[in-house]
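Take a look at the letters that make up each chain.
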Amino acid sequence: MMALPGGRHLDSIPLPGQRLHLMQVDSVQRWMEDLKLMTECECMCVLQAKPISLEEDAQGDLILAGGSGPGDPLQLLLKRGWVISTELRRIGQKLAQDRWARVHSMSVRLTCHARSMVSEYSAVSRSSSQEMGQIEKLLMEKCSELSAVTERCLQVENEHILKSMKACVSETLSTLGQHFGQLLELALTREVQALVRKIDASDNIYTTESTTGNLFSLTQEGAPLCRIIAKEGGVVALFKVCRQDSFRCLYPQALRTLASICCVEEGVHQLEKVDGVLCLADILTDDSHSEATRAEAAAVVAQVTSPHLPFTQHLSSFLESMEEIVTALVKLCQEASSGEVFLLASAALANITFFDTMACEMLLQLKAIRVLLEACSDKQRVDTPYTRDQIVTILANMSVLEQCASDIIQENGVQLIMGLLSEKPRSGTPAEVAACERVQQKAAVTLARLSRDPDVAREAVRLSCMSRLIELCRSPSKRNSSDAVLVACLAALRRLAGVCPEGLQDSDFQQLVQPRLVDSFLLCSNMEESFV
């Protein structure tokens, strides 16, 4: 799997609209929520009996108005945590600029936020532990210390003394941040433990659905929370759900949450401990499961086999079920009713071809090339550069096998590769542009590898692939100025020229083939206009 954009932590898979219906927040609604965190600073200034700041950037001060609803400790922690983290970062910025008035006013406000978080969480949470009580005390002591020392700094005019006090403020701020991080992690861990226990003990479908949804929302807050969930048994509890027939309708939601958790090493280790790969294989190979369920299982497979995560390469249990999983994924690609399902299944296959070389031989035996190339002509299944990125990744990895060339020719695959060399973004978004670059690069790599076979090389020349490669080399705009695409195209052009040199003009041969690769690269990378 290549670099997948989006919230699933699957680096190259963007989330289509229909897939986001459970996690999307209407933009206006989100704005209304964020507005609570961005009120004017007058309220806090009056409460602290301080003069209202006249500085320009004071209007951007973050004040948490209202807070989250009663009885919702998780949202309280997340919102207060975000505000306090932002304040800590901004105080550090103002400190670096020696803006002592702002440092002090923000320190006072930080103390208020910290005190509010502690008191509000104590009011809605279960009995506090001794460890949390100690860290709360240390946090508030450091907040008071920060406010006091920054107030003293306002009275100092000697630059030498201020410099020594700045180091003291910086150290206090750092220690305060550590205490805050420890407190927030402890509190979030307690709430995650409660959610996991609730899922583990529940036999009610509605309770389990609600709690799993809460857990999924937490995974979207980033890797630190995913680690906490994994450490506190979230993976175990979710696989327990996926092994109960009475919860079948919840499998997609549970699997989606598992895919998010497995972006971290702890999640993958827990998956292996509970034979999660075997469970995924059972779901993928069981046609009685809905397509949505199997697609979500494919997403988990894509995540745990990601070549961008080094810890996934040691997933020994995967090899035992690999043949079953690969077979099921090829079938899912063939029968996919939507582009989203095909994307998830093909991304899993693409990652598996990196995970183990045997997978390419399996795909060859399963006639996967035919399935993939046929899908390319079906706009319902393959309609984005992200999906074509997965397909060309599989082809590139399979092309190392000598037997692959005959299948490519038989299925008119060279013509498809020629089309992939012309991949262009439709929206112009950075993610789509990057996906198009990957498609062009891998198409050139595939062509270079396949052109070991003279039949493939001659077919490529007949289809004017050399002209397209020359255009990509000479015109930076055609490849979005991508150096990776340039190197791949130069390599493919040289391979084709070795078989059919008559397809090149003298100038092309002298500039793009005859010199050292690095010299041709430097020549083409400095071109501002196309000379074709």
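Residues numbered from 1 in each chain as written. Predicted model: local features only at pLDDT ≥ 70, side-chain atom pairs only at ≥ 80, totals over all residues. Heavy atoms only, no water.

**Details of the overall build of the protein**
What the protein contains, in helices and strands, is 26 helices and 0 strands. Per-residue burial over the protein gives 52% buried out of 532 residues. Of the contacts formed within the protein by residues at least 6 apart in sequence, a portion of 72% connects residues at least 24 apart. In the structure as shown, the protein presents an accessible area of about 24000 Å², 51% of it carried by carbon and sulfur atoms. (Helix = DSSP H or I, 4+ residues; strand = E, 2+ residues; numbered from the N terminus. Buried < 20%, exposed > 50% of the residue type's maximum accessible area, 1.4 Å probe, protein only. Contact = heavy atoms within 4.5 Å. Areas by Shrake-Rupley, 256 points an atom, 1.4 Å probe, with all protein chains shown as cover.)

**Remarks on unusual backbone geometry**
For D275, which is not a glycine, the phi torsion comes out positive at approximately 55°. As for its placement among the helices and strands, D275 is situated in the loop between helix 11 (265-273) and helix 12 (276-285). Residue S464 is not a glycine yet carries a positive backbone phi of 65°. Relative to the elements of secondary structure, S464 occurs in the loop between helix 22 (454-462) and helix 23 (465-474).

**Section: helix 8 (residues 223-231)**
Taken as a whole, helix 8 has its buried residues at L225, C226, I228, I229 and A230. Packed against the buried residues of helix 8 are helix 3 (73-96), helix 6 (159-201), helix 7 (205-219), helix 9 (234-241), helix 10 (251-261) and helix 11. Downstream of helix 8 by one or two residues, G233 has phi in the positive range, about 90°.

**Some points on the nonpolar core**
Grouped together as the largest cluster of nonpolar side chains are 157 residues, with contacts concentrated most on L255, L271, V301, F318, I325, L329 and I352. Considering every element that reaches this core, the biggest residue donor is helix 6, with 14 residues. The residues touching V301, leaving out its near neighbours within four places in the chain, are L280, L284, F318, I325, L329, A348 and I352. (Core = buried A, V, L, I, M, F, W, Y, C linked by side-chain atoms within 4.5 Å.)

**Side note on the packing of helix 21 (residues 430-450) against helix 24 (residues 483-499)**
Running from N to C, helix 21 and helix 24 point in directions that differ by 20°, and their axes come no closer than 8 Å. As summarised for this structure, helix 21 and helix 24 are arranged roughly parallel, according to the angle between their axes. Note on packing geometry: the crossing formed by helix 21 with helix 24 is left-handed. Listed contacts from helix 24 to E437, Q440, Q441, A444, V445, L447, A448 and R449 of helix 21 are A484, V485, A488, C489, A491, A492, R495 and L496. Residue composition of the contact of helix 21 with helix 24, by class: 11 nonpolar, 2 polar and 3 charged. (Axes fitted to C-alpha atoms, helices over the stretch in contact; angles between N-to-C directions. Parallel < 35°, antiparallel > 145°, perpendicular 65-115°, else oblique. Left-handed = near helix turned anticlockwise from the far one by under 90°. Nonpolar A, V, L, I, M, F, W, Y, C, P; charged D, E, K, R; others polar.)

**Some remarks on helix 15 (residues 339-355)**
With 17 residues, helix 15 ought to run about 24 Å at 1.5 Å a step, and its terminal C-alpha atoms sit 24 Å apart, in line with that. Across the 17 residues that make up helix 15, a large majority, 16, are buried. (Expected span 1.5 Å × (residues − 1).)

**Quick word on the packing of aromatic side chains**
Enumeration according to the criterion identifies 1 aromatic pair in this entry. Between F318 and F355, the ring centres sit 5.0 Å apart and the planes meet at 75°, which makes this aromatic pair edge-to-face. Of this pair, F318 sits in helix 14 (residues 316-335) while F355 sits in helix 15, and the two are 37 residues apart along the sequence. Take F318: its relative accessible area is 1%, and that puts it in the buried class. A residue is classified by how much of its surface remains accessible, and F355, at 11% relative accessible area, is buried. (Phe/Tyr/Trp six-rings, centres within 6.5 Å; stacked < 30°, edge-to-face > 60°.)

**As for the state of the cysteines**
A complete count under the given rule lists 0 disulfides for this structure. Free cysteine C473: the closest other cysteine sulfur is in C489, separated by 5.1 Å. (Disulfide = S-S within 2.5 Å.)

**Thoughts on the environment of M398**
With respect to the helices and strands, the residue M398 is situated in helix 18 (residues 385-398). By relative accessible area, which is 0% here, M398 ends up buried. For the pair M398 and I369, spaced 29 residues apart in sequence, the C-alpha to C-alpha distance is 9.0 Å.

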